[in-house]
Structure formats: C-alpha cells, structure tokens
Amino acid sequence: MSLTIQIAHLYGNIMNTYGDYGNIVALRYYAKMLGIVVNDKVVSLGDPLVADEYDFMLFGGGQDFEEKVLAPDFRQKASIMQEYIENGGPMLAVCGGYQMLGQYFVMSNGEKISGLGVLPHYTVNQANSRFIGNITIKNAKTQEIYHGFENHQGRTFLGTGEQPLGEVISGHGNNGEDQSEGVIYQNVFGTYFHGPILTRNGNLAKRLLKIILNRKLPEKNWDTLIDPLPAESF
Ligand code: GLN
C-alpha cells in the first residue's frame, strides 16, 4: 500500500484568489516520483480541525474581506494550530494566509483584524497602494534563490524568533523597507510569493517534502531519495 501524505487546505474555498492550490499540485508532482500519494481536504468555516490527521497545511492568499470573514473561525482554532506549529507541524502560508498567522492584520480601509496570534509578526496597511510585481529573494542559510509574484497591500513586520524566508534581491517583500520577505518559524514557511511559489521553485518544494517525510517517517533517508529529483520551475 502506498505511503500517503494528508494535507489540510485551510479555508481553501474562500482564500483561493491567487491559485495557491497549485502548491499542493506541485507537492503531488514530486511525491508521485517517489510513489507517494498526496490527498488534500479543505478545512474551512465551521469545520473541525484534527491536526493529527494531517502531515502538512496550506493556507493560501485572498482578499482583505475574506480575511475578515474567516478571522473569528480561525481564532477558534488557535490552540490546535499553536500545538501543531510548536510541535514542528509543516505548513505553507501564502500572503493572506501568512498575514492571518500573526498578531493582527490591518485592512486597506484601516480596519484592524486580530489574527491567530500564534506567530509574532504583525501586518499594517497601505491605504492607497499595493506591492505588485515579480520578486526574487535569496535565503541566507541555504543560499537558494526563489522567484515569484507578489500582490498585497499589507506590510508585514517580523517579531522575535522569526527568520525571513529570504532577503529581497528585487521586488518589495514583507514591507518594502527592511529587505525581508516571508518568514520561517519552526516548520512554518510564510511568504508573499504567488506563482504558485512551489511550482516556480522546485528547490523549495523538495525542501518542504523532505521536512514532511522526515517528520512522518524519520527512519527513512529521504534526502538521498529527494535530492536527485529535478527542481522544476514551471
Ligand atoms: N488581502 C491581503 C493584502 O492585500 C492579502 C493579499 C493576498 O493574499 N495576495 O495584503
């Protein structure tokens, strides 16, 4: 029987403006080369979240309005999410999803929405501007370079214990000021990159797949199996 990776697609039915489901497609593409099946399930408003059932979580991007709609439901899941994250649960949070993991998010109209509060970052607004365009960053630890597309009004500032996903080479990044983009906290990867990020950056997709599988089946040497796979950029 094939090994299976279970993915929770948080609010995937309302936070789907920028096609970030493609990140699941990318993980499925590389997992299939290893004979591994990837299943995904939307966990949205009013749905129970049993974190132990999942090996990975994706929280994609969306409009300010949808973030306001889901915020109360997401905060009700805070204790489950905090335990999952602090226990090293792997997750990719993109743009709006990334913003909502933090302390608060200010909408373009100035309305302040409380976030999950599990990660220390916070997001303030740009009343009449957006960061839109191609973006390239470099991760200081791995020296990997990632390419993507950003489209956000929010400006995010990292807090204690948070490292950026990368330093901006071109584009705006978290806030257009401190050259940071995204966040790495435990095994949570947050980013403003659409693309989707994992289809554009196979090196990052493989990195996340290693984290997922090393946590799920630590006795197997996944690096030797995953390193030789092609790192595509579609
Ligand atoms: N609505 C948020 C913003 O504009 C997030 C946008 C997104 O998910 N691309 O900053």
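Okay, so let's go over this structure. (Residues numbered from 1 in each chain as written. Predicted model: local features only at pLDDT ≥ 70, side-chain atom pairs only at ≥ 80, totals over all residues. Heavy atoms only, no water.)

### Observations regarding the packing of aromatic side chains
Our working rule: Whether two aromatic rings pair depends on their centres lying within 6.5 Å, for rings of Phe, Tyr and Trp, where Trp uses its six-membered ring; planes under 30 degrees apart make the pair stacked, over 60 edge-to-face, and the rest tilted. Only protein chains enter the area calculation, which uses a 1.4 Å probe; residues under 20% of their type maximum are buried, those over 50% are exposed, and those in between are partly exposed. Counting from the N terminus, the helices are DSSP H or I runs at least four residues long and the strands are E runs at least two residues long. Only lysine NZ and arginine CZ atoms are considered, and such an atom sits over a ring when it is within 6 Å of the ring centre and within 35 degrees of the ring normal.
Per the counting criterion, the structure on display carries 8 aromatic pairs. On the basis of an interplanar angle of 85 degrees and a centroid distance of 5.0 Å, the ring pair of Tyr 29 and Tyr 30 is categorised as edge-to-face. The partly exposed category is assigned to Tyr 29, whose relative accessible area is 33%. On the basis of relative accessible area, Tyr 30 is assigned to the buried category, the value being 1%. Arranged with centres 5.6 Å apart and planes meeting at 20 degrees, the rings of Tyr 122 and Phe 157 form a pair that is stacked. Of this pair, Tyr 122 sits in strand S7 (residues 122–124) while Phe 157 sits in strand S10 (residues 155–157), and the two are 35 residues apart along the sequence. Take Tyr 122: its relative accessible area is 30%, and that puts it in the partly exposed class. An aromatic cluster is built from Tyr 11, Phe 59 and Phe 74, whose rings are joined through pairwise contacts. Directly above the aromatic system of Tyr 84 lies the positively charged group of Arg 215, at a separation of 5.8 Å from the ring centroid.

### Details of the pattern of salt bridges
Opposite charge on two side chains allows them to pair when their charged atoms are near. How we decide: Salt bridges are defined by distance alone: a side-chain nitrogen of Lys or Arg within 4 Å of a carboxyl oxygen of Asp or Glu.
In the structure shown here, the tally under the stated rule is 7 salt bridges. Lys 216 is the salt-bridge partner of Asp 55, the closest N and O atoms lying 3.1 Å from each other. With Asp 55 in the loop between strand S2 (37–43) and strand S3 (56–59) and Lys 216 in helix H6 (residues 202–216), the pair connects residues that are 161 residues apart, well separated along the chain. The partly exposed category is assigned to Lys 216, whose relative accessible area is 29%. Across the pair Lys 68 and Glu 111 runs a salt bridge whose closest N-O atoms are separated by 2.8 Å. Residue Lys 68 is found in helix H2 (residues 64–76), and its partner Glu 111 is found in the loop between strand S5 (104–106) and strand S6 (112–114); the two are separated by 43 residues along the sequence. The exposure class assigned to Lys 68 is partly exposed, which follows from its relative accessible area of 36%. Note on Glu 111: relative accessible area 29%, which makes it partly exposed.

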